[in-house]
Amino acid sequence: MVEKTTVSIIKADIGSLAGHHIVHEDCLDCASKALEKAKKDEVIIDYRVTHCGDDLELIMGHRKGEDSSEIHELAWNTFKEAADVSKRLKLYAAGQDLLKDTFSGNVKGMGPGVAEIEFEERVSEPLVALLADKTAPGAFNLPLFRIFADPFCTAGLIIDPGMHEGFKFEIMDVRENKVITLTTPKENYDLLALIGTTGRYIIRKIYRAIDNLVAASVSTTRLSLIAGKYVGKDDPVALVRAQHGLPAVGEILEAFSFPHLVTGWMRGSHHGPIMPVGLKDAKCTRFDGPPRMVALGFQVNEASLVGPADLFDDVAFDRARSLANEIADYMRRHGPFEPGRLGMEEVEYTGLQKVIQDLKPKFKLLS
Ligand code: F6R
Ligand code: MG
Ligand code: MG
């Protein structure tokens with residue numbers, strides 16, 4: 001039997017430099033040392049430590065499968081150590097996403113975000129890791145629909161017979177903790193009826209319809225639902241396999257040439273355009289944003305990670321970035337008004353609800 005490979009991205013905001021701007025180098029070094037040791041101890045086969053804005057990202061290749069407590073514990077302990085570095089440096093919001101004191105088998109529900117994918121490696125295995133900051137998991141709904149279900153983005157849906165039967169989308173209702181699976185193109189309209197509500201129905205996994213080959217995985221944590229109050233945005237990550245009967249890397253990237261509006265940005269409470277950037281620009285500045293997306297391309301080789309290629313670090317995305325800046329100008333001019341600010345239901349800061357609650361007794365009935 002072929003030994004399966006698992007790629008896991010586990011990420012957390014464990015504190016950052018200059019407000020919620022960027023992960024400090026010492027935290028990156030600390031995490032790299034922890035994962036290097038785990039590689040020597042043969043817990044993982046390979047790893048990359050990186051960041052998107054203030055999120056520390058652990059990308060690991062291993063043989064332990066999805067939801068492995070050993071891998072999750074490694075990530076948890078690594079975040080704890082990096083959070084200690086943050087605390088020593090008095091970085092901002094040190095340990096922010098580590099919501100529990102002790103590890104209990106799986107980091108899901110404890111604060112960190114997780115996207116994992118277990119598969120039998122094909123002859124050649126291209127994989128794209130998508131890392132976002134200052135937004136929420138529903139930010140992937142639109143681009144993933146375009147990548148896997150829209151022939152105006154992915155020519156392969158028409159041209160490559162391998163994709164002709166479409167894809168199965170597993171959607172999570174994050175409010176009720178339930179999942180539903182819908183198949184495109186047959187159930188396109190049902191799918192869109194759900195995933196257009198990006199704060200609630202979130203694409204979690206995608207499989208190729210013809211053979212159930214797993215094609216994509218998204219982190220679906222919603223920190224505010226876990227903690228019951230605002231504890232920082234659950235900046236999401238995703239893994240997408242590419243090529244040869246799956247969308248090409250270029251088709252995956254094409255979906256990000258449109259900087260669509262996402263929820264997040266300042267205080268997790270605004271709509272802003274998602275800006276595709278190279279790692280050098282993966283830092284949030286203006287109004288703590290605009291929200292960013294990084295794409296790292298790998299070739300997976302016996303669970304080793306060859307790469308990455310910094311895919312948005314390219315002039316081909318200059319126009320998307322420039323459009324994102326224009327949209328950012330336009331959205332900011334709304335100030336505290338919707339749809340610049342999110343609707344009451346989606347505003348992450350409980351502070352706004354409190355202000356309104358305090359005003360309630362002052363309202364008088366119209367006579
Ligand atoms: C959004 C984010 C930031 C903070 C903002 C206020 O994900 O992390 O926009 O919400 O900088 O931060 P506090 O409340 O810590 O002052
Ligand atoms: Mg932060
Ligand atoms: Mg963040």
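All values derive from a computational prediction rather than experimental measurement.

The rules we used
- Residues numbered from 1 in each chain as written.
- Chains lettered and ligands numbered in written order.
- Predicted model: local features only at pLDDT ≥ 70, side-chain atom pairs only at ≥ 80, totals over all residues.
- Heavy atoms only, no water.
- Donors = N, O, S within 2.8 Å, 3.2 Å for Na, K, Ca; no water.
- Buried < 20%, exposed > 50% of the residue type's maximum accessible area, 1.4 Å probe, protein only.
- Helix = DSSP H or I, 4+ residues; strand = E, 2+ residues; numbered from the N terminus.
- Contact = heavy atoms within 4.5 Å.
- Near = heavy atom within 4 Å.
- Polar contact = N/O pair within 3.5 Å; in protein donor to acceptor, adjacent residues only side chain to side chain.
- Areas by Shrake-Rupley, 256 points an atom, 1.4 Å probe, with all protein chains shown as cover.
- Nonpolar A, V, L, I, M, F, W, Y, C, P; charged D, E, K, R; others polar.
- Axes fitted to C-alpha atoms, helices over the stretch in contact; angles between N-to-C directions.
- Parallel < 35°, antiparallel > 145°, perpendicular 65-115°, else oblique.
- Left-handed = near helix turned anticlockwise from the far one by under 90°.
- Patch = residues over 30% accessible without salt bridge, like charges linked within 9 Å, V, L, I, M, F, W, Y side chains within 5 Å.
- Salt bridge = Lys/Arg side-chain N within 4 Å of Asp/Glu carboxyl O.

**Here's the deal with the coordination of the magnesium ion (ligand 2)**
Four donors placed tetrahedrally around a metal ideally meet at 109.5 degrees, and six donors placed octahedrally ideally meet at 90 or 180 degrees.
Item 1. Coordination of the magnesium ion (ligand 2) by the protein involves D13 (OD), H20 (ND1) and D54 (OD), with metal-donor separations of 1.9 to 2.2 Å.
Item 2. Here the magnesium ion (ligand 3) and the magnesium ion (ligand 2) are spaced 4.8 Å from one another, each receiving a donor from D54.
Item 3. Among the residues examined, D13 registers a relative accessible area of 2% and is labelled buried.
Item 4. You can call H20 partly exposed: its relative accessible area is 24%.

**Let's talk about the environment of L261**
Item 1. With respect to the helices and strands, the residue L261 is situated in strand β11 (residues 261-264).
Item 2. Separated by 229 residues in sequence, L261 and S32 place their C-alpha atoms 33 Å apart.
Item 3. If near-sequence neighbours (up to four positions away) are discounted, L261 is found in contact with G272, P273, I327 and M331.

**Points about the site of ligand 1**
Item 1. Contacts to ligand 1 come from eleven residues, most closely from H20, Y92, R267, D288 and Y349.
Item 2. Here an oxygen atom of ligand 1 and a side-chain polar atom of Y92 are 2.7 Å apart.
Item 3. For ligand 1, an oxygen atom lies 2.5 Å from a polar atom in the side chain of D288.
Item 4. When ligand 1 sits alone it has 410 Å² of accessible area, and the protein chains cover 79% of it.
Item 5. Class assignment for the residues of the shell around ligand 1 results in five nonpolar, two polar and four charged.

**A closer look at the packing of helix α1 (residues 25-40) against helix α2 (residues 69-88)**
Item 1. Across the interface, α1 lies against α2 with an axial gap of 9 Å and an inter-helix angle of 150°. Classed by the angle they form, the pair α1 and α2 counts as roughly antiparallel. In the packing of α1 onto α2, the handedness of the crossing is right-handed. Contacts between α1 and α2 involve D26, C27, C30, A31, A34, L35 and A38 on the former and, on the latter, L74, T78, E81, A82, V85 and S86.
Item 2. Residues that form the contact of α1 with α2 fall into these classes: nine nonpolar, two polar and two charged.

**Here we look at a nonpolar patch on the surface**
Item 1. A cluster of nonpolar side chains, contributed by M344, V355, I356, L359 and F363, occupies part of the molecular surface with about 450 Å² of accessible area.
Item 2. By secondary structure assignment, the location of V355 is in helix α9 (residues 350-359).

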